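Analysis of the macromolecular model
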Amino acid sequence: MNAKPAYTVAVVGATGAVGTEMIEILEERKFPVGELRPLTQDSFEGVDIALFSAGADISREYAPIAAKAGAVVIDNSSAWRMGKDVPLVVPEVNRADIAKHKGIIANPNCSTVQMVVALKPLHDRARIRRIVVTTFQSVSGTGKEAMDELLEQAQDLLSFKELAPKVYPYQIAFNCLPHIDDFLPSGYTKEEMKLLNETRKIMGDDSIRVTATTVRVPVYVGHSESVNIETEKKLTANEARAILCEAPGVLLYDDPVHKIYPMPIDVAGKDEVFVGRIREDESVPNGLNLWIVADNLRKGAALNAIQIAEELIAAAR
Ligand SMILES: NC(=O)c1ccc[n+]([C@@H]2O[C@H](COP(=O)([O-])OP(=O)(O)OC[C@H]3O[C@@H](n4cnc5c(N)ncnc54)[C@H](OP(=O)(O)O)[C@@H]3O)[C@@H](O)[C@H]2O)c1
């Protein structure tokens, strides 16, 4: 991409939960936008950067068309993430991979982004061998219809009305669903496998073992994760805190004596990945427990995509 004073940016899926956030963040961060095209058509002539956030089917069909027309596509969907020629990027972790793109760069799944931002600095210091993660994912991770469904169900339940779930298979208000994305024959869900495959690709280490349980919870915005890691070298809780204090994109929020720990209601609208409840896992020699929370619409999606776009224009200068 050539350097320009201002860029033509297309947002595909501009009316969605992520697309809306993308437009706000472009403005907030004063991204040099010459023209903003909120489009869903195949009219990508003259577009420099195309931010896709309209689901995997649209990305599969239109991202190659946009790339062929000369745009660099930054895709939020799962369509291209594991593609051999498609870098999967979280700038704090693997910004160097951006340069390898051939027209399409993938944004990881929201639950993976926040986990790798917090874990990469620990991996660099002590080499993570195994990750056991349980997620508590907000309804905004499903999109705007799911956010409406949570509100409607909460109102209906409080008015003793019958519920008719549409987006989720069961009631989500005042409930937890251990089911995100489709089930696979193994019994895991696709969302759980994303945490394994994407973590390995972004961290550039196929030897990391990951097992995940992903749970949808009745929270509007902000995914939380209970993460247990085993490392090759011993890391004490204090050493982990010191590493994370210096880590890019991380905000250490860990003072249990004063009831300081991250919660989605505080983290929604923020850019950082918040980490708290750091404890040594006494059941194994080199284990740590962490509680990781981030805004899934921002760092988990829109913000990460725009950070990639910022890296692209910085490299063009
Ligand atoms: N939500 C998150 O936290 C998150 C995180 C990471 C990645 N993602 C990914 O980002 C993408 C969008 O998610 P979202 O949460 O923003 O969903 P959403 O709120 O449901 O929004 C979907 C957007 O895509 C558009 N769209 C849907 N089908 C279309 C079609 N056939 N043709 C043209 N436009 C179409 C919608 O337009 P209309 O307004 O016209 O319906 C809307 O703008 C998905 O691929 C999702 O997996 C989401």
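For the structure itself, consult the block above.
Structural notes, computed from the coordinates. Fair warning: this is a prediction, and the values are worked out from it, not measured in the lab. (Residues numbered from 1 in each chain as written. Predicted model: local features only at pLDDT ≥ 70, side-chain atom pairs only at ≥ 80, totals over all residues. Heavy atoms only, no water.)

This part is about the sheet that holds strand 5 (residues 104-106). Taken in spatial order, the five strands of this open sheet run 2-1-3-4-5, and their pairing is parallel. Each edge of the open sheet is held by one strand with a lone partner, namely strand 2 (33-38) and strand 5. Going from strand to strand, the sheet's axes swing by 20° on average, the running direction of each strand aside. The pairing of strand 1 (residues 7-12) with strand 3 (residues 49-52) spans four bridges and is parallel. For Val9, the partnering residue across the bridge sits in strand 3 and is Ile49. In the packing of helix 9 (residues 298-316) onto the sheet, contacts are made with strand 1, strand 3, strand 4 (72-75) and strand 5, and the angle to strand 4 comes to roughly 155°. (Pairing = 2+ DSSP bridges. Helix = DSSP H or I, 4+ residues; strand = E, 2+ residues; numbered from the N terminus. Axes fitted to C-alpha atoms, helices over the stretch in contact; angles between N-to-C directions. Contact = heavy atoms within 4.5 Å.)

Here we come to the site of the ligand. Looking at the ligand, there are 22 residues lining it, with Thr15, Ala17, Val18, Ser140 and Lys144 nearest. Gly13 places a polar main-chain atom, nitrogen or oxygen, 3.2 Å from an oxygen atom of the ligand. Gly141 is positioned such that a nitrogen or oxygen atom in its backbone is 3.5 Å from a nitrogen atom of the ligand. Protein chains shield 67% of the accessible area of the ligand, which is 890 Å² for the free molecule. Judged by the fraction of its atoms near the pocket grid, the ligand is located in the largest pocket. (Near = heavy atom within 4 Å. Polar contact = N/O pair within 3.5 Å; in protein donor to acceptor, adjacent residues only side chain to side chain. Areas by Shrake-Rupley, 256 points an atom, 1.4 Å probe, with all protein chains shown as cover. 1 Å grid on protein atoms, 1.4 Å probe; cavity = no way out; pocket = protein on both sides within 12 Å on 5 of 7 lines; lining within 4 Å. Sits in = over half its atoms within 2 Å of the grid points.)

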